[in-house]
Amino acid sequence: MTQSTFVETPRESLVGSQSDAARKASGAAPSVAWSNNPFRGFRAIFYKESIHLRRDSMAIMFALLVPIVEMIILGAAIDTNVRQVRTVVYDESGLMEHARDVEGSQSSRALLDRFRSSDTFKIYKYVNSDDELTHEMVAGRAKVGLKIPYDFDRQLLRGQSAQVMVLVDGSDSSVAGQTLNVASAIGLDESLRRMLPEGKQPAIDIRPKIMFNPDSRSPNFFLPGLMTVLLLFVTTMLTAFSIVREKERGTLEQLFVTPVRPLGLMMGKIMPYFGLAMIEMLMILAFMRFAFQVPMHGNVLLLLLLAMCYMFTHLSLGMLISSKANSQNEAMQRSMGIMLPSIFLSGYIFPLDNMPWIFYLMSFFVPATYMMQISRGIILRAAGFQDLWINAAALLVMGLGALTLAARNFKKMIV
Amino acid sequence: MPAIVAENLVRKFGEFTAVDGVSFTVQSGEVFGFLGPNGSGKTTVIKMLTGILPLTAGRGMVDGIDVSVDPDSVKQRIGYMSQKFSLYDDLTVLENLRFYAHIYGLRGKDADRKIEETMQRNAIEPYKTRLAGKLSGGWKQRLALGCAMMHGPKILFLDEPTAGIDPVARRKLWDLLFELSGQGITFFVTTHYMDEAERCSHLAYIYYGKLIADGTPDTLRQIPDVSPAGTHRFEIVTRDVTTALRRARTLPFMRSATIFGRSIHALMDDTISESELQSELDKVGVHADEIRPLMPDLEDVFVELTYRRQAELEGSRASA
């Protein structure tokens, strides 16, 4: 083969430009300031990572679409307030006196009306035997079964205690608890009314008022917590993936041969995801406020500021994961190890105060616990910096710890 | 000043010694071929010389700088291209180049000029808006080389640069390497291809962490171990090479024999002439279509050295 060159450009110009480059090679380091910069390489990594992110439709979906869907599910579809619980009634009290098509006695019907008007119970069926009553419960068609015994009227007339049996399906604990409370309250109230002379008020009148969330709206409670959980994906998982992907492709090795410094590499990787997390958070806040009518009682800027501490902690954790994991699968599993406690041990779903002491203790090591305090505190209770700074401090301490460990792991790799 | 000096490089991973006292010198402008089987320590040596992996013992000087003392300066002066052409598939050609320009600290007009130059030199300008992942192997390799040379390094480390590339692209890459080496750029290249090894101006062969050959292709061919005194080499062309090999190896004067395509390369006592060999082969039932004297080629050299080293290792293990 004759004179086959790698290039199609004229030989002269090629040689010229190359020797020019070779002459400059020894002075390739641009400036002293640049070469002493501990964040060296930050700009380049940031530039490249932003492009990756823009073209990664999965990441964008995770950050912007998933939150909306989850908010719709949790904000609109789920209502933890117990209403219109399906109730089956077996009223024995009227059977002896009336024809079969007339259910119950006068006083039993009055009692059942109280149940009906409470908004908690929805009587959908009357049955005529214990068996049927039990069957409705077993089949799951009824959550509550009321049985009024045959001597209900007689006992009341004699001025003796008339019993009413309330069966509650315990397989759903929140429904069970709330229906029992309402049933007891109705019983108590009805008893008082019969005992007190006409026109007399009870001695003590309890007037409860639920602060911060007066209507007990579920979105008010769930969405500030959901925001905390949603921010996890972008901060922890996507950052972890971004480095592990480079390990898998072999580009990380290539980066280590360039003069990039560990801090420059890490910050360049973190910042685009930090930006994405901020956009995600603003979007969630806007949705929460305007689509779900969750009031914002506190200072939004304070919330954003403290949320940055939370993001920092999780971005650092993402870095730490990626410094250890060698495949995206491994990174995924390790991320899950952070996400599950964040959902279950942060007070997001289950109140921390009721947990066994060991889990209660563990919740202190879950960053989401602190963010949960911050977001519910500011959004619902209008808490200020003086109430919440300790949470932010805890987050910063954890974040710095994770970042230090991650930097140490990367130093081992880069030299 | 030599471009690369390795003095007694040692690298241990726990108990395992991956690189065991390797020394060599690469002069400026040489195309240095670094050969050896997979897992023999080639990549480890590259990592030590490029400042990624600390040395357990020894000294590595690259462009006059001690890698253990100032790995940062070394990184600024060298280019590195790994066997996977570590490009970002979801970035375009231009974006890949811009990234490498930035990472080597080139800014603004300087960066633009270097990027333009690199695209011209590697003829990748027409593809500048194409995603790197959509390029074919040969173009990827040009782009990767362009990225590695963006900052004008004088020394380039290429780890199996032609693995998985078609023969035409391979040939073109080597032509470019020689052109650049003519301008004073030094290349440290690992490869498994013997035809590429033949083209290097300087070769070294590493086997299980030890350097067992170092020199020009010609000096390696004349190593006494490869062509011991009192022996010579013939190429035997025959039909059924596998049977022929088995039978030829039974001959008492035969030192070693290996199949090369449709022929056998055989090393034997020089008391045997061409015609004697012919009749001896006939006796064991091998019909040689042709027999001709042979200079050892590089593959012979490396195979021979590997066998010898293996025998040594087994000997020392047996005595231990």
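None of these values were measured; they are calculated from a predicted model.

A.B. asks: Describe the overall build of chain A, and please don't skip the residues or the numbers.
C.D. replies: If you tally the helices and strands in chain A, you get 16 helices and 4 strands. Accessible surface, chain A: about 21100 Å² in total, of which carbon and sulfur atoms supply 62%.

A.B. asks: Describe the overall build of chain B, and please don't skip the residues or the numbers.
C.D. replies: Broken down by element type, chain B carries 11 helices and 14 strands. Once the C-alpha set of chain B is aligned to its principal axes, its extents read approximately 75 × 45 × 35 Å. For chain B, buried positions account for 55% of its 320 residues. Only carbon and sulfur atoms are counted for the fraction: they give 50% of the accessible area of chain B, which is about 13100 Å². Distance between charge centres in chain B, computed from 38 positive and 43 negative side chains, equals 6 Å.

A.B. asks: I'd like a rundown of helix H4 (residues 57-77) of chain A, residues and numbers included.
C.D. replies: Every α-helix winds through 3.6 residues per turn, so residues three or four apart in the chain are directed the same way. All names here are of chain A. The largest bend in H4 comes to about 35 degrees, at Leu-65, with the proline Pro-67 one to four residues further on. Residues of H4 that are buried include every one of Ala-59, Ala-63, Pro-67, Met-71, Leu-74 and Gly-75, and no others. Contacts from the buried residues of H4 go to helix H3 (42-55), helix H9 (218-249) and helix H11 (262-291). For H4, the capping residue at the N-terminal end is Asp-56, with a side-chain oxygen 3.2 Å from the backbone nitrogen of Met-58.

A.B. asks: Please give an account of the sheet that holds strand S4 (residues 57-62) of chain B that cites residues and values.
C.D. replies: All names here are of chain B. Reading across the sheet, the 4 strands line up as S2-S1-S4-S5 and stay open at both edges, with antiparallel pairing between neighbours. Here the strands that pair on one side only, and so sit at the sheet edges, are strand S2 (16-26) and strand S5 (65-66). Two elements, strand S1 (residues 4-13) and S4, share 5 bridges in a ladder whose sense is antiparallel. From the neighbouring strand, Val-5 faces S4, where its bridge partner is Met-61. The strands that helix H1 (residues 42-49) touches are S1, S2 and S4; relative to S1, the one it contacts most, it runs at about 115 degrees.

A.B. asks: Before we move on, could you go through the sheet that holds strand S4 (residues 165-168) of chain A and cite the residues and values that matter?
C.D. replies: All names here are of chain A. Strand order across the open sheet formed by 4 strands is S2-S1-S3-S4, with mixed pairing between neighbours. Each edge of the open sheet is held by one strand with a lone partner, namely strand S2 (121-126) and S4. Here the average twist between neighbouring strands, direction ignored, is 25 degrees. Pairing of strand S3 (residues 144-148) with S4, which is carried by 4 bridges, proceeds in the antiparallel orientation. Bridging from a neighbouring strand, Leu-146 pairs with Val-166 of S4. With respect to the sheet, helix H6 (residues 130-138) is in contact with strand S1 (85-91), S2, S3 and S4, its orientation differing from that of S3 by roughly 165 degrees.

A.B. asks: Residue-level account of the pattern of salt bridges, with values.
C.D. replies: All names here are of chain A. Scanning the model with the defined rule gives 41 salt bridges over all chains in all. Across the pair Glu-246 and Lys-48 runs a salt bridge, and its minimum N-O distance is 2.6 Å. Taken together, the residues Glu-246 in helix H9 and Lys-48 in helix H3 connect sequence positions 198 residues apart. A residue is classified by how much of its surface remains accessible, and Glu-246, at 3% relative accessible area, is buried.

A.B. asks: Any details on the pairing of strand S6 (residues 78-81) of chain B? Residues and values, ideally.
C.D. replies: Residues and elements named next belong to chain B. On S6, burial covers both faces: Ile-78 and Tyr-80 on one face and Gly-79 and Met-81 on the other are all buried. Pairing of S6 with strand S7 (residues 155-159), which is carried by 4 bridges, proceeds in the parallel orientation. When the sheet's bridge partners are listed, Gly-79 is paired in S7 with Leu-156.

A.B. asks: I'd like a rundown of the side chain of Ser-107 of chain A, residues and numbers included.
C.D. replies: With respect to the helices and strands, the residue Ser-107 of chain A is situated in helix H5 (residues 106-117). What Ser-107 of chain A contacts, discounting residues up to four positions off in sequence, is Phe-152, Asp-153, Leu-156 and Arg-194 of chain A.

A.B. asks: Account for the confidence of the model for chain B, with residues named and values stated.
C.D. replies: The predicted model of chain B averages 89 in pLDDT, with 100% of residues at 70 or higher. Scoring the predicted complex yields pTM 0.75 and, for the interface, ipTM 0.78.

A.B. asks: An account of the nonpolar core is requested, with residue identities and associated values reported.
C.D. replies: Counting residues in each nonpolar core, the largest one holds 165 residues, and the members touching the most others are Phe-24, Val-45 and Phe-188 of chain B. Top contributing element to this core by residue count: H9 of chain A, with 16 residues. When near neighbours in sequence (up to four residues on either side) are disregarded, Val-45 of chain B contacts Leu-9, Val-19, Phe-24, Phe-34, Phe-188 and Ile-206 of chain B. Judged by nonpolar contacts, the second largest core, of 19 residues, contains Val-241, Ala-248, Leu-251 and Phe-253 of chain B.

A.B. asks: Can you tell me about the pairing of strand S12 (residues 254-260) of chain B, naming the residues and giving the values?
C.D. replies: Residue and element names in this part refer to chain B. Summarising the sheet, S12 and strand S13 (residues 263-269) pair through 6 bridges and their orientation is antiparallel. Of the residues in S13, the one forming a bridge with Thr-258 is His-265. Hairpin remark: S12 followed by S13, antiparallel, with 2 residues in the connecting loop; positive phi at Gly-261, about 60 degrees.

A.B. asks: I'd love a proper account of H1 of chain B, names of residues and values included.
C.D. replies: Residues and elements named next belong to chain B. Counting buried positions along H1 gives 6 out of 8 residues, so the element sits mostly inside the fold. Turning to H1, its buried residues number three or more, namely Lys-42, Thr-44, Val-45, Ile-46, Met-48 and Leu-49. Of the residues trailing H1, Gly-51 is marked for its positive phi of about 85 degrees.

A.B. asks: Please give an account of the packing of aromatic side chains that cites residues and values.
C.D. replies: On inspection of all chains with the given rule, the structure shows 20 aromatic pairs over all chains. Both rings, one in Phe-222 of chain A and one in Tyr-348 of chain A, keep their centres 6.2 Å apart while their planes meet at 85 degrees; by these two values the pair is edge-to-face. Note that Phe-222 of chain A is positioned in helix H9 and Tyr-348 of chain A in the loop between helix H13 (328-344) and helix H14 (357-363), a separation of 126 residues in sequence. Comparing Phe-222 of chain A with Tyr-348 of chain A shows no difference in burial state: the two are buried. Centre to centre, the rings of Phe-24 of chain B and Phe-34 of chain B are 5.7 Å apart; their planes meet at 45 degrees, and the pair counts as tilted. With Phe-24 of chain B in strand S2 and Phe-34 of chain B in strand S3 (residues 31-35), the pair connects residues that are 10 residues apart, well separated along the chain. Taking relative accessible area as the criterion, Phe-24 of chain B reaches 3% and is therefore assigned buried.

A.B. asks: Now, about the packing of helix H3 (residues 93-103) of chain B against helix H5 (residues 137-148) of chain B: what can you tell me, with residues and values included?
C.D. replies: All names here are of chain B. At a minimum axis distance of 9 Å, the contact between H3 and H5 shows a crossing angle of 20 degrees. The orientation of H3 with respect to H5, classified from their angle, is roughly parallel. Read as a crossing pair, H3 and H5 show a hand that is right-handed. Touching Val-93, Asn-96, Leu-97 and Tyr-100 of H3 are Leu-143, Gly-146 and Cys-147, all from H5. Within the contact of H3 with H5, the residues separate by chemical class into 5 nonpolar, 2 polar and no charged.

A.B. asks: How would you summarise the packing of helix H12 (residues 300-324) of chain A against H13 of chain A if you had to cite specific residues and measurements?
C.D. replies: All names here are of chain A. Running from N to C, H12 and H13 point in directions that differ by 145 degrees, and their axes come no closer than 9 Å. Viewed along their axes, H12 and H13 form a crossing whose handedness is right-handed. Along its contact with H12, which presents His-314, Leu-317, Ile-321 and Lys-324, the element H13 presents Glu-330, Ala-331, Arg-334, Ser-335, Ile-338 and Ser-342. Looking at the contact of H12 with H13, its residues break down into 4 nonpolar, 3 polar and 3 charged.

Cut-offs used in this document
Residues numbered from 1 in each chain as written. Chains lettered and ligands numbered in written order. Predicted model: local features only at pLDDT ≥ 70, side-chain atom pairs only at ≥ 80, totals over all residues. Heavy atoms only, no water. Helix = DSSP H or I, 4+ residues; strand = E, 2+ residues; numbered from the N terminus. Areas by Shrake-Rupley, 256 points an atom, 1.4 Å probe, with all protein chains shown as cover. Buried < 20%, exposed > 50% of the residue type's maximum accessible area, 1.4 Å probe, protein only. Lys, Arg positive; Asp, Glu negative; His and termini not counted. Charge placed at Lys NZ, Arg CZ, Asp CG, Glu CD. Bend = angle between axes of the 7 residues up to and from the residue. Contact = heavy atoms within 4.5 Å. Polar contact = N/O pair within 3.5 Å; in protein donor to acceptor, adjacent residues only side chain to side chain. Pairing = 2+ DSSP bridges. Axes fitted to C-alpha atoms, helices over the stretch in contact; angles between N-to-C directions. Salt bridge = Lys/Arg side-chain N within 4 Å of Asp/Glu carboxyl O. pLDDT = per-residue confidence, 0-100. Core = buried A, V, L, I, M, F, W, Y, C linked by side-chain atoms within 4.5 Å. Phe/Tyr/Trp six-rings, centres within 6.5 Å; stacked < 30°, edge-to-face > 60°. Parallel < 35°, antiparallel > 145°, perpendicular 65-115°, else oblique. Left-handed = near helix turned anticlockwise from the far one by under 90°. Nonpolar A, V, L, I, M, F, W, Y, C, P; charged D, E, K, R; others polar.

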